[in-house]
Amino acid sequence: MSQIDLRIRNVLEGNARLLVAANALNDDSDLYEVGLSSHASVNVMLACEDEFGVEFPESLLRKSTFQSIGSIRRALESLGIADGAE
Amino acid sequence: MPVNELPRLGIFQNNSTVSIFDLVEAASGLCRIVWIIGWAPDSPPARVLSRFGDVADVTGMTDSEIAKHLATFNLSGLAVFNDPPLMVAAGVAEALNLRFHSPSTAEVLSDKFLQRRALRDASVAVPGFAAVRRSSPDADVPFPAVLKPRAGAGARDTFLVRSARDVVDALNRCDPDEEFILEEWLPDRATTQTLSANVVSVESITRDGNVDHLMVTGRFPYAPPFRDSGGFLPSDLEQSDWNDVCALAGRAILAAGIRDGVIHTEIKMTPSGPRVVEINGRLGGGVSKLIERIGGPSLNGWVMRLALGDDVGPLPTFDQSLVSFFHFVVAPLNAVAFEAISGLDELTALKAQLGIDDIHVNVQPGQGVSTQQTSFTAYVVRIDGVVSSHQELAATLSAIDDTLTVTWAYS
């Protein structure tokens, strides 16, 4: 698991109010299916911006960006966030 | 066009309306959103909304102060996506000369008693009705009847009452100063339909007083007493019924004095013919997603374009051979908390087979549940999808019921 994934899971744990622990999720688990609300998804977006020091451009301000850990990681990678596997 | 050069659209936003992401997606390339908050107690934080546009915080302002403050934002239009801000938005629109419902129309749309009276005065058939309150509960309305707040939304304080004693008891459980409407209950007509409780909604586009009907959506049977449990598009009405409900919606819209906007009219099919349940001066909840799933445009976007005065052109077309749906699992009336849900993994595995696109669980174990709020915010599970026929939809609903098991804590 990469550092990015770990940090995303920490963000989810603190902001997403999911039915399951963030560490129990797969890369492509649908976060909306495990309780991510529309309002919480916005909080996740803001927390990701704070955690990674980025600002999501308008093209990424969509519900689908925050659908899974994988989609969040891909969005962050498109903004230049990267690191190696742990 | 750079976002700063786009026209500015004021949207009255709170936590019980269309999600921020959905509105931002609909506004993309069309307008810059000015989020108007503070007019209701459940406003999202300005810090959040400021990432998605400008924010006008009107907390503590009078209506005239709100209009004066919003004048500084150089708005080209105003939009609402739920009922509570209709009155304040109409006042602002009049003060700033923006396209919206007039204050008198907004009053008719916000007050069920005034709305019934406007329809009756225009010879639109309505059930018997009367205004009641705790201090004056008597009314000449046949039982059974429905008691609901004049300015309510969702299922808040809504009761099926069978006697004058029931009315008194129900009013004694509510805010002593709130005004209610007591309305003759409309029976279902006999039908061969399998999906609908004979309630449909008509989505209409009104431009300078000209009404076009975009679609007729079927509504699943209410959860007790009158809570939404979802809908499907297109409805399964026969063509002649379809024509009748559209004609009735058109007459009701004009009777309410509506000239512009996307309008949501709920109609019940009764043994005496279709009857207007309610006209809403905004897009129906969940409807934009229904039409998008079968190839139609974002109606959230259409609301914005109409508010900005854009020429939206001819009505959009969409695939009539498909049936899109959303379905709510809501709490039983006497439940007080959600305990657990099982079968989600099994339902997820069946998604492709059942035509399900999205499953959303809205609560956490131990969380209290409300049967007094609209299902659009108080649902426990929401399931969206597309199937190829109404028969297939009935099978999908049956499979959902068979697969999901929810346990509750009861009072």
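Hey, could you go over the overall build of chain B for me, with residue numbers and the actual values?
When you go through chain B residue by residue, the secondary structure sums to 14 helices and 18 strands. Against the 2.2 N^0.38 benchmark of 22 Å for 411 residues, chain B shows a C-alpha radius of gyration of 21 Å, consistent with a compact globule. Here the C-alpha coordinates of chain B stretch approximately 55 × 55 × 45 Å along the principal axes. A burial count over chain B gives 47% of its 411 residues as buried. Taking contacts inside chain B between residues at least 6 apart in sequence as the whole, the part at least 24 apart equals 65%.

If you had to explain the overall build of chain A to someone new, which residues and values would you point to?
When helices and strands are counted, chain A shows 3 helices and 0 strands. Whereas a compact globule of 86 residues would reach a radius of gyration of roughly 12 Å, chain A reaches 12 Å, a difference of no more than 12%. Relative to all contacts within chain A whose residues are 6 or more apart in sequence, the contacts with residues 24 or more apart total 62%.

Tell me about the interface of chain B and chain A, and name the residues and values.
As a measure of interface size, the accessible area lost when the parts come together is often cited. Taken together, the contact between chain B and chain A spans 19 residues of the former and 16 residues of the latter. Among the secondary structure elements, those contributing two or more residues to the side of chain B that touches chain A are helix 1 (20-27), helix 11 (344-349) and strand 16 (356-361) of chain B.

Go over the domain arrangement of chain B with me, naming the residues and quoting the values.
Residues and elements named next belong to chain B. As assigned here, chain B comprises domain 1 (3-100), domain 2 (128-184), domain 3 (187-319) and domain 4 (321-411). A straight line from the C-alpha centre of domain 3 to that of domain 4 covers 23 Å. Contacts between the two partners involve 21 residues from domain 3, matched on the other side by 19 residues from domain 4. Those elements giving two or more residues to the side of domain 3 that touches domain 4 turn out to be strand 11 (230-233) and helix 9 (287-293). For the side of domain 3 that touches domain 4, the element with the most residues is strand 11, which contributes 4 residues. Of the residues assigned to the side of domain 3 that touches domain 4, the class counts are 9 nonpolar, 6 polar and 6 charged.

Let's hear about the sheet that holds strand 2 (residues 32-37) of chain B: which residues, and what values?
Residue and element names in this part refer to chain B. As summarised here, the arrangement of the 4 strands in space is 3-2-1-4, forming an open sheet in which the pairing is parallel. Among the strands making up the open sheet, the edge pair consists of strand 3 (54-57) and strand 4 (75-80). When strand polarity is set aside, the average angle formed by the axes of neighbouring strands in this sheet is 25 degrees. One ladder, built from 5 bridges, connects strand 1 (residues 8-12) with strand 4; its direction is parallel. Residue pairing across strands places isoleucine 11 opposite alanine 79, the latter belonging to strand 4. Here helix 4 (residues 86-96) sits on the sheet in contact with strand 1 and strand 4, set at roughly 165 degrees to strand 4.

Break down the nonpolar core for me, citing the residues and quoting the values.
With 141 residues, the main nonpolar core has Leu9, Ile36 and Ala89 of chain B as its most contacted residues. When residues of this core are assigned to their parent elements, the largest contribution, 7 residues, is made by helix 8 (residues 239-255) of chain B.

Can you tell me about the environment of serine 19 of chain B, naming the residues and giving the values?
Residues and elements named next belong to chain B. Take serine 19: it is sitting in the loop between strand 1 and helix 1. Since 17 C-beta atoms lie within 10 Å of it, serine 19 is described here as partly exposed. Along the sequence, serine 19 and phenylalanine 81 sit 62 residues apart, while their C-alpha atoms lie 10.0 Å from each other.

If you had to explain the confidence of the model for chain A to someone new, which residues and values would you point to?
For chain A, the average pLDDT comes to 90, and 97% of its residues sit at 70 or higher. The spread of mean pLDDT over the elements of chain A runs between helix 2 (residues 38-52) of chain A, the lowest at 92, and helix 3 (residues 69-78) of chain A, the highest at 96.

Requested: an account of the confidence of the model for chain B, with residues and values cited.
If pLDDT is low for a region, its predicted coordinates should not be looked at in detail. Averaged over every residue, the pLDDT of chain B is 92; the share at 70 or more is 98%. Interface scoring of the predicted complex returns ipTM 0.83; its pTM is 0.90.

Tell me what's going on with the environment of methionine 61 of chain B, and back it up with residues and numbers.
Residue and element names in this part refer to chain B. With respect to the helices and strands, the residue methionine 61 is situated in the loop between strand 3 and helix 3 (63-71). On the basis of neighbour counts, which here come to 17 C-beta atoms within 10 Å, the residue methionine 61 falls in the partly exposed class. For the pair methionine 61 and tryptophan 39, spaced 22 residues apart in sequence, the C-alpha to C-alpha distance is 8.1 Å. For methionine 61, the contacting residues outside a window of four places in its chain are Ile66 and His69.

Account for helix 4 of chain B, naming residues and giving values.
Residues and elements named next belong to chain B. Of the positions making up helix 4, those classed as buried are Leu86, Val88, Ala89, Ala90, Val92 and Ala93. Check the buried side of helix 4 and you find it contacts strand 1, helix 3, strand 4 and helix 5 (103-110). The first or second residue beyond helix 4 is asparagine 97, which carries a positive phi of 55 degrees.

Which residues make up the sheet that holds strand 7 (residues 159-161) of chain B, and what values go with them?
Residues and elements named next belong to chain B. Sheet architecture is open: 4 strands sit in the order 5-8-6-7, paired in antiparallel fashion. Single-partner strands in this sheet number two, and they are strand 5 (129-132) and strand 7. If you compare each strand with its neighbour and ignore which way they point, the axes differ by 25 degrees on average. Pairing between strand 5 and strand 8 (residues 180-184): 4 bridges, direction antiparallel. Looking across to strand 8, one finds that phenylalanine 129 is bridged to glutamate 183. Along the sheet face, helix 7 (residues 164-172) touches strand 5, strand 6 (145-149), strand 7 and strand 8 and points at about 155 degrees away from the line of strand 7.

How would you sum up the environment of serine 375 of chain B? Please name residues and give values.
Residue and element names in this part refer to chain B. Topologically, serine 375 is positioned in helix 13 (residues 375-378). With 23 C-beta atoms packed within 10 Å, serine 375 lands in the buried category. It is 20 Å that separates the C-alpha atoms of serine 375 and aspartate 357, two residues lying 18 residues apart in sequence. Sequence-distant contacts of serine 375, that is, excluding residues within four places in its chain, are made with Arg227, Asp228, Ser229, Phe328 and Val330.

Cut-offs used in this document
Residues numbered from 1 in each chain as written. Chains lettered and ligands numbered in written order. Predicted model: local features only at pLDDT ≥ 70, side-chain atom pairs only at ≥ 80, totals over all residues. Helix = DSSP H or I, 4+ residues; strand = E, 2+ residues; numbered from the N terminus. Rg over C-alpha atoms; globule rule 2.2 N^0.38 Å. Buried ≥ 20, exposed ≤ 12 C-beta atoms within 10 Å, placed from the backbone. Contact = placed C-beta atoms within 7 Å. Domains from an automatic or database assignment. Nonpolar A, V, L, I, M, F, W, Y, C, P; charged D, E, K, R; others polar. Pairing = 2+ DSSP bridges. Axes fitted to C-alpha atoms, helices over the stretch in contact; angles between N-to-C directions. Core = buried A, V, L, I, M, F, W, Y, C linked by C-beta atoms within 7 Å. pLDDT = per-residue confidence, 0-100.

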